[in-house]
Structure formats: structure tokens, C-alpha cells
Amino acid sequence: MSAPVYKRILLKLSGEALMGDDSYGINRDTIARIAGEVKSVVDMGVQVAVVIGGGNIFRGVAPGAAGMDRATADYMGMLATVMNALALQDAFRRVGVPSRVQSALNIEQVAEPYIRGKALRYLEEGTVVIFGAGTGNPFFTTDTAAALRGMEMNADIVVKATKVDGVYSADPKKDPAATRYQRLSFDEAIQKDLKVMDATAFTLCRDQNMPLAVLSIFKTGALARFVAGEDEGTLVLAQC
Ligand code: UDP
């Protein structure tokens with residue numbers, strides 16, 4: 001594998017990525033596979049910070065949460081991301097990747113609190129830092145947490161790892177003629193009304209000139225190829 005073109009990345013993993021083909025929860029083989037994909041870039045010498053979502057767990061409780069006060073439901077969602085962060089840390093341990101969990105909500109028996117300076121130090125040591133509990137505030141998403149932490153960590157790029165291998169001109173499941181964008185500018189993504197990340201996260205990245213990428217975490221080796229500068233996924237930049 002060639003030398004990495006990014007020294008430090010912020011990887012956003014949606015909670016739903018962890019459920020594999022299951023309808024909710026954490027799929028053991030899937031999380032192991034994801035840990036392996038992350039290990040491949042850690043082995044290249046890339047510093048990796050992860051923001052993990054919670055959709056896989058929150059989906060399971062969603063019927064019970066219907067009609068619930070929004071802020072309460074959002075706190076439940078944030079706690080779900082902490083569960084995923086712990087599961088991910090365990091999966092990293094199994095493949096020999098050192099990692100730390102930092103939580104935006106204080107639950108010190110479970111995870112250390114988010115402290116920017118400490119997180120930066122871990123990254124410099126080659127330890128993966130997993131950020132749980134999103135931004136710590138209701139009414140936000142983990143996409144926004146990814147944009148925020150990406151900037152705080154001085155990451156070179158925010159990589160959104162999903163089930164789809166990039167941003168397409170149309171839904172590739174519905175339109176066989178849909179094509180993948182290799183590169184996009186922030187303005188083009190807005191003009192074409194392409195959904196890259198949620199609007200708050202997207203605006204934050206655009207305002208701060210933080211490059212964004214979308215790729216599939218299920219395509220074996222895609223993350224490592226992307227980090228090596230190869231054509232994988234979609235890259236969104238201020239200008240392209
Ligand atoms: N959430 C929140 N504030 C944050 C991040 C997340 O309130 O800063 C809550 C929100 O309810 C969200 C849930 O946590 O629906 C799970 O996060 P998200 O939907 O972003 O996870 P993903 O879809 O990536 O699995």
C-alpha cells in the first residue's frame with residue numbers, strides 16, 4: 001500500500017453500519033470486519049479518531065420512544081452511541097488496536113470525559129480515540145459531532161463511512177444510470193441537492209474548509225485505498 005495522503009482522519013461510523021444484515025443491534029462479524037478495516041489504516045501510520053452513531057440501538061427502542069419529549073429521546077440516542085463506542089473499543093482490542101473512549105456526557109465509570117488535549121495526545125501516540133455521546137447536546141446528530149470533533153482534532157479530513165460507496169447522481173438502488181461523483185465542491189453538492197451529511201454538519205465543514213469524504217466501510221480495503229489517495233468514494237472539497 002502506498003504512503004497515506006492523510007496523517008489524521010476523523011472517521012464517522014453510523015450505528016447502522018454495526019448491525020450488518022440484522023434489523024437492529026450489533027452484529028459480531030460486522031463489527032469485527034469494521035475493526036479490521038480501521039486497523040489497516042492504523043497500520044499505515046494514520047491517526048484515527050472515530051465518531052460512532054447510535055441508530056442501530058435506537059431503532060430497537062424507537063417504538064417505545066414514539067411521542068416522547070424530543071430532548072429525552074435524544075439523550076437516549078446519545079447513550080446508545082456510548083454502547084456502540086464500548087463495543088467498538090472491544091472489537092479494536094481483539095484485533096490489537098489500542099483505543100480510548102471519550103464521552104461527551106459524563107459517565108466516568110464507563111468512559112473518560114471528552115478532553116480535547118488528552119484526545120490529541122492519544123492520537124499522537126497512535127491510539128484510536130472513539131468519541132461517544134455525539135456532541136453531548138440534544139437536537140444534534142453524530143454527523144455534526146463528526147464535523148465538530150474533526151475540527152477540534154485538527155483532522156485532515158472527515159470520512160463518512162456508510163453502506164454506500166460514495167455520493168451518487170441518483171439513488172443507485174432505484175436508478176441503474178446513477179453515477180458516482182469522484183469529487184465535488186461544497187457548492188456543487190448544494191446546487192445539486194446531494195445529501196452528503198446532515199445539513200448542520202455539512203455547513204460546518206464548508207464554513208471551516210474541512211474536506212469531507214463518503215465511502216463504503218463494507219467494501220474490503222476501500223478505507224485504506226482512499227487514505228492512500230486512490231479513487232474510492234467521493235471527496236468533497238472547497239474547490240475541485
Ligand atoms: N444525538 C443527539 N446529539 C448528538 C448526537 C446524537 O441528540 O450530538 C442523538 C439523536 O437522538 C440521534 C441519536 O443520538 O438520533 C443517534 O445518533 P445518529 O442518529 O446521528 O446515529 P447514526 O444515524 O449515525 O447511527
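Residues numbered from 1 in each chain as written. Predicted model: local features only at pLDDT ≥ 70, side-chain atom pairs only at ≥ 80, totals over all residues. Heavy atoms only, no water.

Asks: Is there a simple way to explain the UniProt feature "binding site: UMP" (unreviewed entry) in the protein in this structure?
Replies: In the numbering used here, UniProt assigns the "binding site: UMP" (unreviewed entry) feature to Gly54, Asp74, Thr135, Gly136, Asn137, Pro138, Phe139, Phe140, Thr141 and Thr142. Spanning 89 residues, the named residues form one tight spatial group whose C-alpha atoms are at most 14.2 Å apart. We classify Asn137 as partly exposed; its relative accessible area is 40%. For Thr141, the location among the structural elements is in the loop between strand S5 (128-132) and helix H5 (142-152). (UniProt positions renumbered as here; feature names shortened; annotations may be inferred. Buried < 20%, exposed > 50% of the residue type's maximum accessible area, 1.4 Å probe, protein only. Helix = DSSP H or I, 4+ residues; strand = E, 2+ residues; numbered from the N terminus.)

Asks: Is there a simple way to explain the UniProt feature "domain: Aspartate/glutamate/uridylate kinase" (unreviewed entry) in the protein in this structure?
Replies: Feature annotation in UniProt places "domain: Aspartate/glutamate/uridylate kinase" (unreviewed entry) on residues 7-215, given in this structure's numbering. Annotated as residues 7-215, this span is 42% helix and 18% strand, and its ends, taken at the C-alpha atoms, are 18 Å apart.

Asks: Help me understand the pairing of S5, please; the structure alone is not making it clear to me.
Replies: Across a regular strand the side chains alternate sides, sitting on one face of the sheet and then on the other. Here S5 lies mainly inside the structure; five of its five residues are buried. Of the two faces of S5, both are covered, the one formed by Val128, Ile130 and Gly132 as well as the one formed by Val129 and Phe131. Relative to S5, strand S2 (residues 47-52) runs parallel, the two being bridged by three bridges. From the neighbouring strand, Ala49 faces S5, where its bridge partner is Val129. Bridging between strand S3 (residues 99-103) and S5 involves five bridges; their strand directions are parallel. Bridging from a neighbouring strand, Ser103 pairs with Gly132 of S5. (Pairing = 2+ DSSP bridges.)

Asks: Any chance you could explain the packing of aromatic side chains here in plain terms?
Replies: For the coordinates displayed, the defined rule picks out three aromatic pairs. Residues Tyr6 and Phe226 carry aromatic rings whose centres are separated by 5.4 Å and whose planes lie at 10 degrees to one another, so their mutual orientation is stacked. With Tyr6 in the segment before strand S1 (8-13) and Phe226 in helix H8 (residues 222-227), this pair connects stretches of sequence that are 220 residues apart. Of the residues examined, Tyr6 reaches a relative accessible area of 14% and is grouped as buried. (Phe/Tyr/Trp six-rings, centres within 6.5 Å; stacked < 30°, edge-to-face > 60°.)

Asks: Can you walk me through a nonpolar patch on the surface in this structure?
Replies: On the surface, Val61, Met68 and Met76 cluster together into a nonpolar patch covering about 200 Å² of accessible area. The topology assignment puts Met68 in the loop between helix H2 (55-65) and helix H3 (70-94). The class for Met68 is partly exposed, based on a relative accessible area of 32%. (Patch = residues over 30% accessible without salt bridge, like charges linked within 9 Å, V, L, I, M, F, W, Y side chains within 5 Å. Areas by Shrake-Rupley, 256 points an atom, 1.4 Å probe, with all protein chains shown as cover. Salt bridge = Lys/Arg side-chain N within 4 Å of Asp/Glu carboxyl O.)

Asks: Explain the site of the ligand here, please?
Replies: Around the ligand sit 18 residues, and of these Gly15, Asp74, Thr135, Asn137 and Thr142 come closest. Contact between the ligand and Thr135: an oxygen atom at 2.6 Å from a side-chain N or O atom of the residue. Contact with the protein chains removes 85% of the 530 Å² of surface that the ligand exposes when unbound. When residues of the shell around the ligand are assigned to their parent elements, the largest contribution, three residues, is made by H3. (Near = heavy atom within 4 Å. Polar contact = N/O pair within 3.5 Å; in protein donor to acceptor, adjacent residues only side chain to side chain.)

Asks: Quick question: what am I supposed to make of the environment of Thr234 here?
Replies: With respect to the helices and strands, Thr234 occurs in strand S9 (residues 234-237). For Thr234, the contacting residues outside a window of four places in its chain are Gly166, Val167, Arg180, Tyr181, Gln182, Leu184, Leu212, Ala213 and Val214. (Contact = heavy atoms within 4.5 Å.)

Asks: Is there a simple way to think about the environment of Cys205 in this case?
Replies: Within the element layout of this structure, Cys205 appears in helix H7 (residues 199-207). Along the backbone, Cys205 and Gly134 are 71 residues apart, and their C-alpha atoms lie at a distance of 16 Å. In this structure Cys205 touches Ala147, Met151, Phe186, Met210 and Leu212, once residues within four positions along its chain are discounted.

Asks: How should the sheet that holds strand S6 (residues 157-162) be read in this particular structure?
Replies: Backbone-to-backbone hydrogen bonds join strands into a sheet, with any given pair of strands oriented parallel or antiparallel. The strand order across the open sheet formed by nine strands is S4-S3-S5-S2-S1-S6-S8-S9-S7, and the pairing between neighbours is mixed. This sheet does not close on itself; its edge strands, each paired only once, are strand S4 (112-113) and strand S7 (183-185). H3 rests against S1, S2, S3 and S5 of the sheet, and its axis sits at about 160 degrees to S5. (Axes fitted to C-alpha atoms, helices over the stretch in contact; angles between N-to-C directions.)

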